[in-house]
Amino acid sequence: MHDLKFLRNHRERVEAGVALKGMTVDLERFYEIEEHRLALLHESEQLKARRNAVTQEVGARRQSGQPADELIAQSRDLGERIKTLDAELKTLEEESAELAAWIPNLPHESTPPGKDAAQNQVKRTWGELPAFDFEPQPHWDLATRLGLLDFARAPRIAGSGFLLFTGRGARLERALINFMLDFHTQRHGYTELSVPHVVRRAALFGTGQLPKLEGDMYHIGEDDLFLNPTAEVPVTNIYRDEILEPGKVPLSLTAHCASYRREAGTYGADTRGMVRVHQFDKVELVKIVPPQTSYDEHEKLARDVADIFEALELPYRQVLLCSGDMSFAAAKCYDFEVWAPGIKAWLECSSCSNFEDFQARRLNLRFRREAGAKAEHPHTLNASGVALPRTFAALLENHQTATGTVIIPAALRPYLGGLEEIVPEG
């Protein structure tokens, strides 16, 4: 959410930013409403001042025994006009707020302009792409032959787009989650949380998923709750409608939470294997920081994500998204894409975003720098640290052997009881 004063005073910048995001917003109507609303507000305030003066004069006349019928009638007329104006103002305020809710965050100056992923910029790469002396298998074949997932039975439970991890596959997924949580809490200093899997409308509005993405979420109609679409939502919303007192900010938070997405509009895309599913686990990273440090914190957040892929020995590239490929709420975003040699594709396994004060304003989240200081909006950031199951798929494909086994990266072995290699069960 943007400050209304900012929107009014920087119309050209707002129009340019919305165009860079490639989003359609009725800005013409918004500014028309705001102009009319401010005019009515000014008129209402003047009439209220006039009514107050008349009321005082009525009191003075009554005290002195002078007639006040004419002034009383004037006060009544003023009250009726004010009542009409206030009703119209309420309608305009509601329409203005509804339109403002669709205005996306504006791209940061370091975000490259562009319409889609073709204009994204690779900023950094790490690791050598594996060179096999055999044809690498896709993860679904590896997982099936090693007994890690049951792709045939999962649809019987929940339909297509859901996964059933089995045996060592379930253990490997749990090991990855525990490894990442320990890494971020013990090495990076994050505070671990366990959060609800369902969220309210206000929470989704606060982080920017509503109103734009409602069709992509699972809705529980009886309770008007939603299955969490990304752990960013419950973690960032912990401090909604609060003022964080001095010493509380910055905050670095992490949580493991399953995420649920209908993936509306993507029917038939990446339906085989683990690339596009309706339920997936991930470890989320959220930072709440003072505005002046947020872009330094964004780089640190990206480094925290990179550390996971490097520890898992997965070649990746860090991609700076162009304006048209960013989310509704982000001002700047890096994607981390991991190479999957079995399907010969780069898989996005983390997005690392700076939202500046956009989410904080929607959340009504503020902080004080020192006791007695004016409360202000912090900046919020988040990243997947990292998401499964694409990381799971990339791990299988990158660490496979010619005999169809999978070597476990050294950093993960303590979480699997020292297991060094996944071999077919005899």
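Coordinates for the structure precede this section.
The structure contained in this document is the topic of the report that follows. (Residues numbered from 1 in each chain as written. Predicted model: local features only at pLDDT ≥ 70, side-chain atom pairs only at ≥ 80, totals over all residues. Heavy atoms only, no water.)

## Concerning helix α10 (residues 294-311)
Condition: A run of H or I in DSSP counts as a helix once it spans at least four residues, and a run of E counts as a strand once it spans at least two, with each numbered from the N terminus. Expected helix span is given by 1.5 Å per residue-to-residue step, counting one fewer step than there are residues. Each residue gets one of three labels from its accessible area relative to the maximum for its type: buried under 20%, exposed over 50%, partly exposed in between, using a 1.4 Å probe on protein chains only.
Here α10 spans 26 Å end to end across 18 residues, near enough to the 26 Å set by a 1.5 Å rise per residue. The complete set of buried residues in α10 reads Ser-294, Glu-297, His-298, Leu-301, Ala-302, Asp-304, Val-305, Ala-306, Asp-307, Ile-308, Phe-309 and Ala-311. Within two residues after α10, Glu-313 carries a phi angle of roughly 60 degrees, on the positive side.

## Here's the deal with the pattern of salt bridges
Short version of the rule: Salt bridges are counted wherever a side-chain nitrogen of Lys or Arg sits within 4 Å of a carboxyl oxygen of Asp or Glu.
Scanning the entire structure with this criterion turns up 24 salt bridges. For Glu-214, the salt bridge identified is with Arg-201, shortest N-O distance 3.0 Å. You can see Glu-214 sitting in the loop between α8 (201-207) and β4 (219-220) and its partner Arg-201 sitting in helix α8, a full 13 residues away along the chain. Measuring nitrogen to oxygen at the nearest pair gives 2.6 Å for the salt bridge that ties Arg-317 to Glu-337. Of this pair, Arg-317 sits in strand β9 (residues 316-320) while Glu-337 sits in strand β10 (residues 332-340), placing them 20 residues apart in sequence. Through salt bridges that share partners, Arg-124, Arg-303, Asp-307 and Glu-310 make up one connected network.

## What to know about the sheet that holds strand β2 (residues 191-193)
Our working definition: Two strands are counted as paired when DSSP detects at least two bridges linking them. Axis definition: a line fitted to C-alpha atoms, over the contacting stretch in the case of helices. Angles run 0 to 180 degrees between N-to-C directions. Residues are treated as being in contact if the distance between any of their heavy atoms lies within 4.5 Å.
Strands sit in the order β1-β9-β10-β11-β13-β8-β7-β2 across an open sheet of eight strands; the sheet is mixed. Only two strands of the sheet have a single partner each, and these edge strands are β1 (121-126) and β2. When the angles between neighbouring strand axes are averaged without regard to direction, this sheet yields 25 degrees. As paired elements, β2 and strand β7 (residues 251-260) share three bridges and run parallel to each other. Within β7, the residue paired with Glu-192 across the bridge is Thr-254. Packing of helix α12 (residues 390-398) onto the sheet brings it into contact with β10, β11 (345-354) and β13 (379-387), and relative to β10 it is tilted by some 35 degrees.

## Here we look at the packing of helix α3 (residues 27-64) against helix α4 (residues 69-100)
When two helices pack together, their arrangement is captured by the angle between the axes and the distance separating the axes. Filter applied, for reference: Every angle not falling under 35 degrees, over 145, or within 65 to 115 is termed oblique; those three ranges are roughly parallel, roughly antiparallel and roughly perpendicular. In this scheme the handedness of a crossing depends on how the near helix is turned from the far one: anticlockwise by less than a right angle means left-handed, clockwise means right-handed. For this classification, the nonpolar set comprises Ala, Val, Leu, Ile, Met, Phe, Trp, Tyr, Cys and Pro, the charged set comprises Asp, Glu, Lys and Arg, and every other residue, Gly included, is treated as polar.
Taken N-terminus to C-terminus, the directions of α3 and α4 make an angle of 155 degrees; their axes are 8 Å apart at the nearest point. Taken together, α3 and α4 sit at an angle that is classed as roughly antiparallel. Read as a crossing pair, α3 and α4 show a hand that is left-handed. Here the residues of the contact of α3 with α4 are counted per class, giving 16 nonpolar, seven polar and 15 charged.

## Topic: the layout of surface pockets
Spelled out, the test is: Detection works on a 1 Å grid of protein atoms alone, calling trapped sets that fit a 1.4 Å probe cavities and calling open sets with protein on both sides within 12 Å along at least five of seven lines pockets, with lining residues defined by an atom within 4 Å of a point. Grid points are joined across faces, edges and corners, and a volume is the space filled by probe spheres set on the points.
Within this model, the largest pocket holds a volume of roughly 1400 Å³. Taken together, the elements giving at least two residues each to the lining of the largest pocket come down to β8 (279-289), β10, β11 and β13. In terms of residue count, the dominant contributor to the lining of the largest pocket is β11 (five residues).

## Considerations on the environment of Val-54
Tracing the chain through its elements places Val-54 in helix α3. It is 9.8 Å that separates the C-alpha atoms of Val-54 and Ala-68, two residues lying 14 residues apart in sequence. In this structure, Val-54 is in contact with Leu-71, Gln-74, Ser-75 and Leu-78, ignoring residues within four places of it in sequence.

## Details of the nonpolar core
It is characteristic of soluble globular proteins that their nonpolar side chains tend to be buried jointly. The condition that has to hold: What is meant by a nonpolar core is a set of buried Ala, Val, Leu, Ile, Met, Phe, Trp, Tyr and Cys residues, joined one to another through side-chain atoms within 4.5 Å.
Residues Leu-172, Leu-176, Phe-309, Phe-336, Phe-392, Leu-396 and Leu-412 are the most contacted members of the largest nonpolar core, which totals 52 residues. Per-element accounting of this core gives the leading share, eight residues, to helix α7 (residues 168-187). If near-sequence neighbours (up to four positions away) are discounted, Leu-412 is found in contact with Leu-172, Ala-175, Leu-176, Phe-179, Leu-312 and Leu-395. Ranked by size, the runner-up nonpolar core spans 24 residues in total, among them Leu-7, Phe-30, Ile-33 and Leu-47.

## A look at the sheet that holds strand β5 (residues 225-227)
An order of β3-β5-β4 is seen for the three strands of this open sheet, with the pairing classed as antiparallel. Unpaired on one side and paired on the other, β3 (198-200) and β4 mark the two borders of the sheet. Here β3 runs beside β5; their pairing, made up of three bridges, is antiparallel. Paired with Val-198 across the two strands is Leu-227, which belongs to β5.

## Brief notes about the packing of aromatic side chains
As a reminder of what qualifies: To pair, rings of Phe, Tyr and Trp, with the six-membered ring standing in for Trp, must have centres within 6.5 Å; the planes then decide the type, stacked if under 30 degrees apart, edge-to-face if over 60, and tilted in the middle.
Counted by the stated rule, this structure contains eleven aromatic pairs. Considering the side-chain rings of Phe-165 and Phe-392, the 5.2 Å spacing of their centres and the 70 degrees angle between planes classify their relative orientation as edge-to-face. In this pair, Phe-165 sits in the loop between α6 (154-158) and α7 while Phe-392 sits in helix α12, placing the two residues 227 residues apart along the sequence. When its relative accessible area of 17% is taken as the criterion, Phe-165 is described as buried. A connected cluster of aromatic rings, assembled from ring pairs, spans Trp-126, Phe-309, Tyr-316 and Phe-336.

## Considering the side chain of Thr-391
Inspection of the secondary structure puts Thr-391 in helix α12. Apart from the residues lying within four places of it in its own chain, the contact partners of Thr-391 are Phe-309, Leu-312, Leu-314, Cys-349 and Val-386.

## Comments concerning the packing of α7 against α10
Running from N to C, α7 and α10 cross one another at 135 degrees; their axes reach a closest spacing of 11 Å. In terms of orientation, α7 lies oblique with respect to α10. Between α7 and α10 the crossing geometry is right-handed. Facing Phe-179, Met-180, Phe-183 and His-184 of α7, the residues of α10 in contact are Asp-304, Asp-307, Ile-308 and Ala-311. Partitioned by chemical class, the residues of the contact of α7 with α10 number five nonpolar, one polar and two charged.

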